[in-house]
Amino acid sequence: LSLIPGIRYGFGNRDSEAPMELLPYWSAMPVWNQVAGTAWVEVTTPKQDCGDVDAFFTTQPELPIAIRSADCIPVLLARRDGKMIACAHAGWRGTQGRIVKVLWEALAARGAQPKDWVGVIGPGIGRCCYEVSEELADDFNATFANAGAPEELAVPHYRHLDLPGINAWELRNIGFTAVEDLHECTKCAKADDGEPIYESYRRDRGEGRQFSGLVIL
Ligand SMILES: [Zn+2]
């Protein structure tokens, strides 16, 4: 993503909820309410009121798009020419609802080709820290085994779901050849001083979140 001309992207953390890279554009940020669904919206105006939505795309310069999370997976997408960007909030509900695939169908309807795009899996809860109920593990198995995901993703090991891995697989299954997974677990990633880097709901059960997003310059 860092090789794409004319965009900026970044990830917030416990020190700064907003990514530093996006601060100059922050006043234009849309207004939205994440509901762990699969609805998306095209952002065309500053401070756009987007309603209940978990994915965004835009072709407009200086209109940042972002998702807010603390363990859910941020998925950032950019066209290689830097003229179109998108992002999605993929927690277990969004992932199970295949939000990345749903968002991509909207982009493909506008002519997007996967070979022209790059995807990044941002900081979110890793398989290391994401043990879920047997019922949810079985639901994921049914969805993603049927969708053709490899067994190590579709069949959770000790009920540890790999949400970053499944969303990266979604992108590759769409046809993306450039998928970067930061492998930053919001729950267990630590700075050199031993302090946690990211807000994590599973760790703290608190209100802290961080934004992950991007903007066309
Ligand atoms: Zn972890």
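Residues numbered from 1 in each chain as written. Predicted model: local features only at pLDDT ≥ 70, side-chain atom pairs only at ≥ 80, totals over all residues. Heavy atoms only, no water.

**Student:** Go over the overall build of the chain with me, naming the residues and quoting the values.
**Tutor:** Of the regular secondary structure elements, the chain holds six helices and 11 strands. In terms of overall size, the chain behaves like a compact globule, its C-alpha atoms giving a radius of gyration of 16 Å where 217 residues would be expected to give roughly 17 Å. On the principal axes, the C-alpha backbone points of the chain span a range of 45 × 40 × 30 Å. Here the chain holds 217 residues, and 50% of them are scored as buried. Counting only contacts in the chain whose residues sit at least 6 apart along the sequence, the fraction spanning at least 24 positions is 66%. (Helix = DSSP H or I, 4+ residues; strand = E, 2+ residues; numbered from the N terminus. Rg over C-alpha atoms; globule rule 2.2 N^0.38 Å. Buried < 20%, exposed > 50% of the residue type's maximum accessible area, 1.4 Å probe, protein only. Contact = heavy atoms within 4.5 Å.)

**Student:** Before we move on, can you summarise the packing of helix H2 (residues 99–108) against helix H5 (residues 163–174) with the specific residues and values?
**Tutor:** Any two packed helices are characterised by the angle at which their axes cross and by the distance between the axes. Running from amino to carboxyl end, H2 crosses H5 at an angle of 35°, the nearest separation of the two axes being 9 Å. Seen from above, H2 lies across H5 with right-handed handedness. Mapping the contact onto sequence places Val100, Lys101 and Trp104 in H2 and Asn167, Glu170, Leu171 and Ile174 in H5. The residue makeup of the contact of H2 with H5, split by class, is four nonpolar, one polar and two charged. (Axes fitted to C-alpha atoms, helices over the stretch in contact; angles between N-to-C directions. Left-handed = near helix turned anticlockwise from the far one by under 90°. Nonpolar A, V, L, I, M, F, W, Y, C, P; charged D, E, K, R; others polar.)

**Student:** Tell me about the pairing of strand E11 (residues 210–216), residues and numbers included.
**Tutor:** With seven of seven residues buried, E11 lies mostly within the body of the structure. Bridge analysis of strand E6 (residues 65–69) against E11 gives five bridges, and the strand direction is antiparallel. Following the sheet pairing, Ser69 is matched in E11 by Gln210. (Pairing = 2+ DSSP bridges.)

**Student:** I'd like a description of unusual backbone geometry, backed by residues and values.
**Tutor:** Glycine aside, negative phi is the norm for most residues, and most peptide bonds take the trans geometry. In this structure, Arg98 takes a positive phi of about 60° despite not being glycine. With respect to the helices, strands and loops of the structure, Arg98 is situated in the loop between helix H1 (92–96) and H2. A positive phi angle, near 55°, is found at Arg205, a position not held by glycine. When you line up the elements, Arg205 lands in the loop between helix H6 (201–204) and E11.

**Student:** Explain the sheet that holds strand E5 (residues 55–58) to me, using residue names and the numbers behind them.
**Tutor:** Overall, mixed pairing links the six strands, which are arranged E3-E5-E8-E7-E9-E10 in an open sheet. The sheet terminates laterally at strand E3 (40–42) and strand E10 (179–181), the two strands that pair on one side only. Strand-to-strand twist of the sheet, defined as the mean angle between neighbouring strand axes without regard to direction, takes the value 15°. As paired elements, strand E7 (residues 73–79) and strand E9 (residues 117–121) share five bridges and run antiparallel to each other. Bridge pairing in E9 links Ala78 to Val118. Packing of H2 onto the sheet brings it into contact with E3, E5, E7, strand E8 (85–90) and E9, and relative to E8 it is tilted by some 155°. In this fold H5 packs onto E7, E8, E9 and E10, with an angle of close to 25° to the strand it touches most, E7.

**Student:** Lay out the packing of aromatic side chains in plain terms, naming residues and giving numbers.
**Tutor:** Taken as a whole, this structure holds nine aromatic pairs when the rule is applied. Pairing Trp32 with Phe56 gives two aromatic rings, centres 5.0 Å apart and planes at 75°, and the pair type is edge-to-face. With Trp32 in strand E2 (residues 31–33) and Phe56 in strand E5, this residue pair connects regions lying 24 residues apart in the sequence. Across the pair, Phe56 and Trp32 agree in class, each one buried. Within the aromatic cluster, the residues linked to one another by ring pairs are Trp26, Trp32, Phe56 and Phe211. (Phe/Tyr/Trp six-rings, centres within 6.5 Å; stacked < 30°, edge-to-face > 60°.)

**Student:** Go over the coordination of the zinc ion with me, naming the residues and quoting the values.
**Tutor:** Reference values for coordination geometry: four tetrahedral donors around a metal ideally subtend 109.5 degrees, six octahedral donors ideally subtend 90 or 180 degrees. Coordination of the zinc ion by the protein involves Cys128 (SG), Cys129 (SG), Cys185 (SG) and Cys188 (SG), with metal-donor separations of 2.3 Å. If you look at the zinc ion, its four donor atoms make angles of 104 to 115° with each other, and the shape they trace is tetrahedral. Going along the chain, you hit the donors of the zinc ion in the pattern C-C-x55-C-x2-C. A residue pair is termed long-range when its members are at least 10 positions apart, and Cys129 in the loop between E9 and helix H3 (134–146) and Cys188 in the loop between E10 and H6 qualify at 59 residues. (Donors = N, O, S within 2.8 Å, 3.2 Å for Na, K, Ca; no water. Tetrahedral: all angles 85-135°; square planar, octahedral: opposite > 155°, others 65-115°.)

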